[in-house]
Amino acid sequence: MVTFLRPVAAVLTALGLALALAGCGDDGPTRAEIADKIRSDPQMAGTPDRAVDCLADWYLEYASPEQREAFLAGRADGAPAGNPEAERAMVDCLKLAAGTP
């Protein structure tokens, strides 16, 4: 049970960062750069690749280029967007991390 919760807790940490960076845009860091940054976080250790990829896609869809750059620099200086579509997409990523359909 504890092994199951560790990736979920890590993704919940990422959720806080992700919601802080919500927005939209087309320029900036690549999907691979974002995924590498997510994987470099020790709290994300053990998170399934498909969940990391989902989070990277989320950043590309819902965060502005400036917010993505801030994320790569280790700053979470945005505010939650309150975008219901972005929130649903993040829940889908969390389900992948938890291993639930």
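Position numbers for residues count from 1 along each chain, tracking the sequence in the order it is written. In view of the model being predicted, local features appear only for residues whose pLDDT reaches at least 70, and side-chain atom pairs are presented and counted only at 80 or more, with totals across whole chains, interfaces and linings using the full set of residues. As a rule here, side-chain values cover all heavy atoms of the structure and leave hydrogens and water aside.

Asks: Would you explain the overall build of the protein in this entry?
Replies: Secondary structure elements are defined from DSSP: runs of H or I of at least 4 residues count as helices, runs of E of at least 2 residues count as strands, and each element is numbered from the N terminus. Along its length, the protein carries five helices and zero strands. Start at the N end of the protein and walk to the C end: the helices and strands fall as α-α-α-α-α. Out of the 101 residues belonging to the protein, those deemed buried represent 38%. Contacts between residues were defined by any pair of non-hydrogen atoms, one from each residue, lying within 4.5 Å. For the protein, the share of sequence-separated contacts (at least 6 apart) that also reach a separation of at least 24 residues comes to 84%. Surface summary for the protein: the accessible area is close to 5,500 Å², and the carbon and sulfur share equals 57%. For every residue, the accessible area (1.4 Å probe, protein chains only) is compared with the maximum for its type, and the residue is labelled buried under 20%, exposed over 50%, or partly exposed between those bounds. Note on areas: these come from Shrake-Rupley sampling with a 1.4 Å probe, and a residue is covered only by the protein chains present in the view.

Asks: What is the right way to read the packing of aromatic side chains from this model?
Replies: Aromatic ring pairs: the centre-centre distance and the angle between the two ring planes describe each pair. In this scheme Phe, Tyr and Trp rings, the latter by its six-membered ring, pair at centre separations within 6.5 Å, and the angle between planes marks the pair as stacked below 30 degrees, edge-to-face above 60, and tilted otherwise. Throughout the structure, instances matching the rule amount to three aromatic pairs. Considering the side-chain rings of Trp58 and Tyr59, the 5.6 Å spacing of their centres and the 90° angle between planes classify their relative orientation as edge-to-face. Look at Trp58 and you get buried, because its relative accessible area is 1%. With centroids separated by 5.5 Å and ring planes inclined at 40°, the aromatic side chains of Trp58 and Tyr62 adopt a geometry described as tilted. Separated by four residues within a single helix, Trp58 and Tyr62 lie in helix α3 (residues 49-62), roughly one turn from each other. We classify Tyr62 as buried; its relative accessible area is 9%. Through successive ring pairs, a cluster of aromatic residues spans Trp58, Tyr59, Tyr62 and Phe71.

Asks: I would appreciate a short explanation of the nonpolar core in the present structure.
Replies: If you look at soluble globular proteins, the nonpolar side chains tend to sit buried side by side. Residues Ile34, Ile38, Leu55, Trp58 and Tyr59 are the most contacted members of the largest nonpolar core, which totals 17 residues. The set of elements that each furnish at least two residues to this core consists of α2 (31-40), α3 and α5 (84-98). At seven residues, α3 tops the list of elements feeding residues into this core. The contact partners of Ile34, leaving out residues within four places of it in the chain, are Pro29, Ala56, Tyr59, Leu60, Arg68, Phe71 and Leu72. Nine residue types can take part in a nonpolar core, namely buried Ala, Val, Leu, Ile, Met, Phe, Trp, Tyr and Cys, and a core is a set of them joined through side-chain atoms within 4.5 Å.

Asks: In this structure, what is going on with α2? I would like to understand it.
Replies: Residues that lie three or four places apart on an α-helix share one face, since the helix turns once every 3.6 residues. Of the positions making up α2, those classed as buried are Ile34, Ala35 and Ile38. On an axial view of α2, the arc spanned by its buried residues comes to 100°, and they lie on one face. Those residues of α2 that are buried are in contact with α3 and α4 (65-72). Arc, as used here, means the arc of the directions from the helix axis to the C-beta atoms.

Asks: What is the right way to look at the environment of Glu66 in this model?
Replies: Among the secondary structure elements, Glu66 is positioned in helix α4. Overall, Glu66 belongs to the exposed group, its relative accessible area being 58%. For Glu66 and Gly28, which are 38 residues apart along the polypeptide, the C-alpha to C-alpha distance reads 7.3 Å.

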